[in-house]
Amino acid sequence: MDPNSLEAFYTKIAEQDNGDAGVMPPADLQREIGHFNVFNVAVLMRRRHERPPMTFDRRAFYKISLIQGRSRIEYADQAVEVAGPALWFATSRVPYRWLPHDQDQTGHFCIFTEEFLLPVKGALAVEELPVFQPGGCPLLPLSPDEHAALAPIFEKMEREMASTYTYKYDLLRAYLLELIHAGQKLQPVPIQTPAHNASARVAALFTDLLERQFPLATPQQQLPLRTAKDYADALAVHVNHLNRALKDTTGHTTTTLISNRVAQEARMLLKQTTWTVSEIADSLGFADVAHFCNFFKRQTGLVPGAFRG
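The structure contained in this document is the topic of the report that follows. (Residues numbered from 1 in each chain as written. Predicted model: local features only at pLDDT ≥ 70, side-chain atom pairs only at ≥ 80, totals over all residues. Heavy atoms only, no water.)

**Some points on the pairing of strand E5 (residues 86-90)**
Looking along a regular strand, one sees the side chains alternate between the two faces of the sheet. Along E5, five of the five residues are buried, which leaves the element largely enclosed by surrounding structure. The side-chain alternation of E5 yields two buried faces, one formed by Ala 86, Trp 88 and Ala 90 and the other by Leu 87 and Phe 89. Strand direction decides the pairing type here: E5 and strand E8 (residues 139-141), joined by three bridges, are antiparallel. Bridge pairing links Leu 87 to Leu 140 in E8. (Buried < 20%, exposed > 50% of the residue type's maximum accessible area, 1.4 Å probe, protein only. Helix = DSSP H or I, 4+ residues; strand = E, 2+ residues; numbered from the N terminus. Pairing = 2+ DSSP bridges.)

In structure tokens, the structure reads:
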């Protein structure tokens, strides 16, 4: 069983929480497209002292949490201390974990797969939404008023999951979209840099192509595209044109953007897997370990072994 699958998620909760209400897969979900469920944080905290800390890893589903209490959230190569209410968006493409500092934790979280939103006419693909972008801002501190506005959405989800309403999953999709859009409204407004439409389009295509190279799931998987020319060829543009478009829209060269993303993946692989440094170097397209170590030290100031700790 994949340790990050939905089945493993429910198995772990069932073993640790002794049948508390709301922690088992919904019995009526089999007829639905995709998967959805909602959980009460306070319920799951009842037996926190009996279970090990959450593992740092990618999950096979998306997760939106409304949390309140002192805790620490680690995602990708970032770590954030949470002191008050916060809204947290976790994507299946980025490893993460939540580490509560004490028992006094409240709130809700929902989990869902991308397929769950497919029946919603006109809905955007989840992976394209700004709140679920790997380089975005997944953790949003909330004011008391913002928290008070979001909490009822989760409460409605919880009540609806327990109902026998025939079309409850259609209603839950509506609640989920309301929650996603509420979160997107709270996202920091990005600084707009002047760019011609053509440059912006090329930059968007490059960013999408770059993200599609990741994550690397096994040591045998090779990074398909590695150089600026590789990306230019894949986009059917000259490498100089690609570089100008990215400089216009992001302020960075193609090589810098690729290197930054490769370094981020390297940090994640070093922290979350048991792959050897040689295996990571090979998967990321480096000719040898020495080349990878030099690259990683330039990016982070540490050699891979020291970063892994």
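**Structural notes on the sheet that holds strand E7 (residues 106-112)**
Judged by pairing direction, the sheet is antiparallel, and its five strands sit side by side in the order E1-E7-E2-E5-E8 without closing on themselves. Whereas interior strands pair on both sides, the edge strands pair on one side only; in this sheet they are strand E1 (36-40) and E8. The mean angle between the axes of side-by-side strands here comes to 10°, regardless of whether they run parallel or antiparallel. Contacts from helix H3 (residues 144-161) reach E1, strand E2 (62-68), E5, E7 and E8, with the element oriented near 115° to E1. Across the sheet, helix H4 (residues 168-186) touches E1, E2, E5, E7 and E8, and the angle it forms with E5 is around 110°. (Axes fitted to C-alpha atoms, helices over the stretch in contact; angles between N-to-C directions. Contact = heavy atoms within 4.5 Å.)

**Section: the sheet that holds strand E3 (residues 71-75)**
Hydrogen bonds along the backbone pair up the strands of a sheet, which may run parallel or antiparallel. The strand order across the open sheet built from three strands is E4-E3-E6, with neighbouring strands paired in antiparallel fashion. The outermost strands of the open sheet, each flanked by one partner alone, are strand E4 (78-82) and strand E6 (96-100). Going from strand to strand, the sheet's axes swing by 15° on average, the running direction of each strand aside. Pairing of E3 with E4, which is carried by five bridges, proceeds in the antiparallel orientation. By the bridge assignment for E4, Ile 73 is matched with Val 80.

**Some details on unusual backbone geometry**
With an omega dihedral of 0°, the bond running from Phe 214 to Pro 215 counts as a cis peptide bond. Within the secondary structure, Pro 215 sits in the loop between helix H5 (197-212) and helix H6 (228-235). With phi around 60°, Ala 236 is a residue other than glycine that occupies positive phi space.

**Focus: the pairing of E7**
With six of seven residues buried, E7 is to be regarded as a mostly interior element. As judged from the five bridges shared by E1 and E7, these two strands associate in the antiparallel manner. Residue Phe 39 lies in a different strand from E7, and its bridge partner there is Phe 109. The sheet contact formed by E2 and E7 spans seven bridges and is antiparallel. Opposite Ile 67, over in E7, you have Gly 107 as the bridge partner.

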